[in-house]
Amino acid sequence: MRVPLSWLREYVDLPATETGRDVQAKLISAGLEVESVEQLGADLKGPLVVGQVQSIEELEGFKKPIRFCLVDVGTANGTGELQEIVCGARNFAVGDKVVVVLPGAVLPGNFAIAARQTYGKTSHGMICSGDELGMGDDGSGGIIVLPPEIEVGTDAIELLQLVDEVLDIAVTPDRGYALSMRGVAREAAIAYGLPLMDPALLDVPAPNAFGYPVRVSDPMGCDRFTARTVTGLDPETLSPIWLRRRLQKAGMRPISLAVDITNYVMLELGQPLHAYDRTRVQGAIGVRRAEQGEKLTTLDGVTRTLDAEDLVITDDRGPIGLAGVMGGANTEIDDTEGTTTEVVIEAAHFDALSIARTARRHKLASEASKRFERGVDPQAASAAAQRTVDLLVLLAGGTADAGVTEVIAPSAPHSITIPANHPDKVAGVDYGRETVVRRLQQVGCDVYGQDELIVTVPSWRPDLTDPNDLAEEVIRLEGYENLPSTLPKPPAGLGLTGRQRLHRRIGRVLAGAGYVEALNYPFIGEHVFDQLGLAADDPKRKVVKLVNPLSDEEPALRTTLLPGLLHALRRNDGRGSHDLALFETGLVFQPQDELRVAGRLPVDHRPTDEEIASLTAALPVQPRHAAVVLAGAREQAGWWGKGRPADWADAIEAARSLAREAGTELLVRSGQYGPWHPGRCAELAVVVDGQEKVIGYAGELHPGVLKTLGLPARTCAMELDLDALEQASAGLPKGPKISTFPVATQDVALVVDKTVPHVDVEAALREGAGELLESIRLFDVYENGEQLGEGKKSLAYALRFRADDRTLTVDEASAARDVAVALAAERTGAVLRS
Amino acid sequence: MKPEEIERMRDEALAAFAAAGDLDALQEAKVAHTGGTSPLALANREIGALPPHAKAAAGKLVGQARGAVNKAFGARQAELEAERDARVLVEEAVDVTLPYDRVPAGARHPLTTMMERVADVFVSMGYEIAEGPEVEAEWFNFDALNFTPDHPARQMQDTFFVEGPTGDHGESGVVLRTHTSPVQARAMLDREPPVYVVCPGRVFRTDELDATHTPVFHQIELLAVDEGLTMADLKGTLDHMVQSLFGADMKTRLRPNYFPFTEPSAEMDMLCYVCKGESVGNPDRPCRTCSSEGWIELGGCGMVNPRVLVACGVDPEKYSGFAFGFGIERMLMFRHNVEDMRDMVEGDVRFTRPFGMEI
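Residues numbered from 1 in each chain as written. Chains lettered and ligands numbered in written order. Predicted model: local features only at pLDDT ≥ 70, side-chain atom pairs only at ≥ 80, totals over all residues. Heavy atoms only, no water.

For chain B, the name recorded in an unreviewed UniProt entry is Phenylalanine--tRNA ligase alpha subunit, with Streptomyces olivochromogenes as its organism. The UniProt entry for chain B carries this comment under Subcellular location (unreviewed entry): "Cytoplasm". In its Catalytic activity (unreviewed entry) section, UniProt records this for chain B: "tRNA(Phe) + L-phenylalanine + ATP = L-phenylalanyl-tRNA(Phe) + AMP + diphosphate + H(+)". (UniProt positions renumbered as here; feature names shortened; annotations may be inferred.)

As annotated in an unreviewed UniProt entry, chain A carries the name Phenylalanine--tRNA ligase beta subunit and comes from Streptomyces olivochromogenes. Looking at chain A in UniProt, the text filed under Sequence similarities (unreviewed entry) is "Belongs to the phenylalanyl-tRNA synthetase beta subunit family. Type 1 subfamily." Its UniProt record gives chain A the following Catalytic activity (unreviewed entry) comment, quoted word for word: "tRNA(Phe) + L-phenylalanine + ATP = L-phenylalanyl-tRNA(Phe) + AMP + diphosphate + H(+)".

Here it is in structure tokens:
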């Protein structure tokens, strides 16, 4: 809502010294979101005067037609002589009154005017268009041609009200009344403690039987319909300057007098109006729900297929308007031919919900629907109709028809009962009953009672429905800025949950290991699964899809973090960072096996546990995953020596580090999956409730996948299900017993087939070595066909033995080692390398 | 065995030790003057051949000389070792300014650490962190929060809708949550009052990515439900938060606004932590952080609408509550001078690294 300050002053006698900024601050404090104050004509400087065109000489030989004009500007130019002006516009003739800017003036945009040579002539000023004066769109598309009665030499700054301040208010959905000058004026009046000159207080004639016939067959959808008729309109009459200017400042375009008047009254009182050309309406006006599939061509020229829920205005032929949203083309006032001399004015009140649905259904948000959706004062309809009639009579020379139609569905005013101290309890402030009552009365409520207040809300505030709504009115008018600052004392909390602490720890561990966190969008395209080489029946291919994705290329939600991370890796690589280690933790989305609709549960009581469970069952499973990707050097080359490229082992180690943080034993074994190199992929598993569960994969990515995705060679990756990792957690770590007896170390080198995994050998050694074994560590892997034989490898382990009650003898340690080696030999075919 | 002879041997030994320039030379001198074939050793051996009456005197003479020689050796050795040790320390000196970026430092994303930073302010007060799904039922995202199906506010938010069982545009009742507020409803349903929770998380709206918008962003929400909570408590909690994050002299300002799930509702601003409001009306001291407004818009807040309490099974006659929520991206922008939101979503390591582990 754009509110010109000069217009606002008509209803509230604000002190002359108050600027738009001052009013803005007061209204913001009262709860109107005044986003800006536009300073119209702030940098405008005269002389800017009314002139009359005396002669026009068409200049030939230029690319476009140019006119050399002599303009009478009276004595504004100091000499009284005709002003010589070159002009490129053509929408004026000799004798027309125009706006002339003289040398020395400054137009909006800091455009200084001086005499200048152009098209072989000297132009001493300009003939102005509305645009050049910062007036906004006036619909003329050229020079302003003023009514002939205006005198030559008149100051045009004053005449066209070019200097003003306009408050731009973003009206929240609850405050429909603020979509009118009347509503904003009421807030300004309260804020300044001044009386409101309510423009809706008009004498309205009583309804009678002679008015235009109206039949409302859906009183729920339309509880009020006022119809008035004005005849004898002069279709030639244009809207006066003041009317046009107010509309322009409020952001509307002047169209024709009848339309301008209805728009003006809507801005003034907040009541949307519609004017029908009476000669084009056939029979009684009706209000009903549309028949499914019925057609209506609206004023914007679009033919719409109506829904059975749409409320329509009809005549004998059928729909002539989409009620409260937009009129129909077939009864439109003719503003191009200018033949309309009789109009029927509609001032009606429609159901907010119905209008909102219709506007949304037809994607047609109009000034009218915007207001009806947010609530229009039903009591203002008769006044608005009267005001429209008055203006048509005054400005268009019309005659008000004696007939007054009013169809009203009776309704009781809304009352709310609150304890008088309810606002005090909500605010935490002792306002006292007197203040509460006074503030509620200021917003227009009728208030009765002592300790219990019975508050009847005004017709223009349908948003006031609950006790807290009334509390808000009191608190905002007393000033949110005056609320004290107190701290509640919450009961002692339990701190972070295990899952939350693990999540944070994982971020720190990965960042500590050199990984940089990236937070990627969860949107993916399903083609990415082909790029990643997932099997046709891979469960990751089952995705949650969006109805309205931002991009049709990415209509689904991720089931894996890799596409986002790999995209970030590629972007970094492309920007010149080649040594990369990235990580992400985030949710992935797995559709339920059976898709269900999440129902609309009640809101007037707590839903049952079963109902809540039914919602959960309709949501996808959303586990938190963790993933890393690596490319380039893991360790850089430097003065210390060579660097080391990131490899499969780094990716697997990332998984191990997460498992350590989770206190979970991670089972790492050779695996094959989707995007990973089949020979360099580890399957990651944990044991949950005695069951092994695969929770992810790590290793080097498949060269083919890297090529398809345009990623650096040898890019590595790891992804696992963090929630599953947490579930497998062994719980609290147990403090180990530390023996102070000396250690006995035994090294063994075992030759096995290359296909035998280290973990199997180690497990056998560990089991065979028994209780005396303190630790075991693989310290070398050696492959040499000549020395070991083809297809063989040597694994060298350091075994540390220690007892907690004595010093071990060499024989004891050797014996334990021999048992370990024997078991490894039995299980894995290992041979002790001599 | 003449005393002069012995003294000469002694003095020669002492001179040789003094002349030894390093430990090797000293070792040679030691062998020459104290070894088995040295003159003093030979002299010592000769004592045994002397007549008994002369033995004592000769023994004393030679013993004193040998003692002096050994002492001088020890002293010279200590001296030379000290010199050597000092020299080694000089020789081992390194250029300590050499870099060691062998494994360049990693970092957590500042949005993550910013959320934790804010959450921890409240965790330290006794609040707990509540979480909820990102793909959420409309009932939680809207209905339970007093957004009626046709409420105009429901259109204010540009929602991603999830496809239903019938495919394409079938109704599913499921959306990408448009705010963290559904977690409020979940927290109330999960816990008995009093409820004090903060809910950080990711939210979604159908905005195209540009310098000031991103379709995927982060919010943190606070909910307190208890007996007798007031708007003054809300104000105090907000003041405490900005003081904790921006300094002791900070404060907040509330302006009336409208949200379906709070009533009364307010927009919350914090004092500009850079200019403390001194740039207002002071063209000589413009403030980029607050555009010389003096205040920075933070987010929305209010008293929990009793209708929301009812939908979540909390008795509004007994309990009242307050809530607020704001965007983490915006806070990161004005707290850390981040100018372009795209930097937060692109995952460029050059952006993230400087933020380190905490914020």
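Visitor: Could you give me a rundown of the overall build of chain B, with the residues and numbers involved?
Guide: Summing up its helical and strand segments, chain B has 13 helices and nine strands in all. Relative to its length of 359 residues, chain B is extended, with a C-alpha radius of gyration of 42 Å against a globular reference of 21 Å. Taking the principal axes of its C-alpha atoms as reference, chain B extends roughly 130 × 55 × 45 Å. The burial tally for chain B puts 55% of its 359 residues in the buried class. Of the contacts made within chain B by residues no fewer than 6 positions apart, 67% connect residues no fewer than 24 positions apart. Looking at chain B as shown, the accessible area adds up to about 15200 Å², and 51% of this sits on carbon and sulfur atoms. Distance between charge centroids for chain B: 12 Å, based on 35 positive and 57 negative side chains. (Helix = DSSP H or I, 4+ residues; strand = E, 2+ residues; numbered from the N terminus. Rg over C-alpha atoms; globule rule 2.2 N^0.38 Å. Buried < 20%, exposed > 50% of the residue type's maximum accessible area, 1.4 Å probe, protein only. Contact = heavy atoms within 4.5 Å. Areas by Shrake-Rupley, 256 points an atom, 1.4 Å probe, with all protein chains shown as cover. Lys, Arg positive; Asp, Glu negative; His and termini not counted. Charge placed at Lys NZ, Arg CZ, Asp CG, Glu CD.)

Visitor: Just give me the short version of a nonpolar patch on the surface, but keep the residues and values in it.
Guide: There is a patch of nonpolar side chains on the surface, built from Trp639(A), Leu98(B) and Tyr100(B) and spanning about 350 Å² of accessible area. Tracing the chain through its elements places Trp639(A) in the loop between strand 33 (633-635) and strand 34 (644-645). (Patch = residues over 30% accessible without salt bridge, like charges linked within 9 Å, V, L, I, M, F, W, Y side chains within 5 Å. Salt bridge = Lys/Arg side-chain N within 4 Å of Asp/Glu carboxyl O.)

Visitor: So what about empty space enclosed by the protein? Which residues, and what values?
Guide: Going through the model one piece at a time under the given rule, you end up with seven cavities of 30 Å³ or more. In this structure, the largest cavity encloses a volume near 120 Å³. The wall of the largest cavity is formed by Gly176(A), Tyr177(A), Ser180(A), Arg182(A), Gly183(A), Arg186(A), Leu269(A), Gly270(A), Gly375(A), Val376(A), Asp377(A) and Trp460(A). Of the residues contributing to the lining of the largest cavity, the split by class is four nonpolar, five polar and three charged. Within this model, the second largest cavity holds a volume of roughly 90 Å³. Along its surface, the second largest cavity is lined by Gly514(A), Asp579(A), Leu580(A), Ala581(A), Leu630(A), Ala631(A), Ala633(A), Arg634(A), Ala646(A), Val103(B), Pro104(B) and Arg353(B). (1 Å grid on protein atoms, 1.4 Å probe; cavity = no way out; pocket = protein on both sides within 12 Å on 5 of 7 lines; lining within 4 Å. Points joined across faces, edges and corners; volume = space filled by probe spheres on them. Nonpolar A, V, L, I, M, F, W, Y, C, P; charged D, E, K, R; others polar.)

Visitor: Tell me about the domain arrangement of chain B, and name the residues and values.
Guide: How big an interface is tends to be stated in terms of the accessible area lost upon association of its parts. The domain architecture assigned to chain B consists of domain 1 (3-91) and domain 2 (110-355). Put simply, the middle of domain 1 of chain B and the middle of domain 2 of chain B, counted by C-alpha atoms, are 88 Å apart. (Domains from an automatic or database assignment.)

Visitor: Mind laying out the domain arrangement of chain A, listing which residues take part and the relevant values?
Guide: For chain A, the assigned domains read domain 1 (2-41 + 165-192), domain 2 (48-162), domain 3 (214-408), domain 4 (415-480), domain 5 (498-598 + 607-728) and domain 6 (744-832). Centre-to-centre, using C-alpha coordinates, domain 1 of chain A lies 86 Å away from domain 6 of chain A.

Visitor: Explain the UniProt feature "binding site: Mg(2+)" (unreviewed entry) in chain A residue by residue, including any values.
Guide: This chain's UniProt record puts "binding site: Mg(2+)" (unreviewed entry) on Asp463(A), Asp469(A), Glu472(A) and Glu473(A). Relative to the elements of secondary structure, Asp469(A) occurs in helix 12 (residues 467-478). Asp469(A) sits in the buried class, given a relative accessible area of 8%. Setting aside residues no more than four positions away along its own chain, Asp469(A) makes contact with Asp463(A), Leu464(A) and Glu263(B). From its side chain, Asp469(A) meets the backbone nitrogen of Thr465(A) in a polar contact 2.8 Å long. Tracing the backbone shows Glu472(A) in helix 12. Excluding residues that lie within four positions of it along the chain, Glu472(A) makes contacts with Arg175(A), Tyr480(A), Asn257(B), Glu263(B), Pro264(B) and Ser265(B). (Polar contact = N/O pair within 3.5 Å; in protein donor to acceptor, adjacent residues only side chain to side chain.)

Visitor: Can you lay out the pairing of strand 38 (residues 716-721) of chain A for me, pointing to particular residues and giving the numbers?
Guide: Residue and element names in this part refer to chain A. Judged by how many residues are buried, strand 38 sits mostly within the fold: six of six residues are covered. Neither face of strand 38 is left uncovered, since the one carrying Cys 716, Met 718 and Leu 720 and the one carrying Ala 717, Glu 719 and Asp 721 both have all their residues buried. Direction of pairing for strand 37 (residues 691-701) relative to strand 38: antiparallel, over a ladder of five bridges. Looking at the pairing, Tyr 697 lines up with Glu 719 of strand 38. (Pairing = 2+ DSSP bridges.)

Visitor: Before we move on, can you summarise the interface of chain B and chain A with the specific residues and values?
Guide: Of the residues lining the interface, 110 residues belong to chain B; the matching set on chain A comes to 103 residues. Here chain B meets chain A over a buried area of about 8800 Å², counting both sides, of which 58% is carbon and sulfur. On the chain B side of the interface with chain A, the three residues burying the most area are Arg102(B), Asp150(B) and Pro256(B), jointly 8% of the side's total. Counting the contacts that link chain B with chain A gives eleven salt bridges. For Arg307(B), the salt bridge identified is with Asp466(A), shortest N-O distance 2.5 Å. (Buried area = accessible area lost by both parts, 1.4 Å probe.)

Visitor: Tell me what's going on with the pattern of salt bridges, and back it up with residues and numbers.
Guide: All names here are of chain A. Throughout the structure, instances matching the rule amount to 85 salt bridges over all chains. With a shortest N-O distance of 2.8 Å, Glu 700 and Arg 680 are connected by a salt bridge. Pair noted here: Glu 700 is in strand 37 and Arg 680 is in strand 36 (residues 676-688), with a separation of 20 residues, a long-range link. Relative accessible area serves as the criterion here: at 3%, Glu 700 is assigned to the buried category. Close ionic contact of Glu 762 with Arg 766 constitutes a salt bridge, the shortest N to O distance being 3.1 Å.

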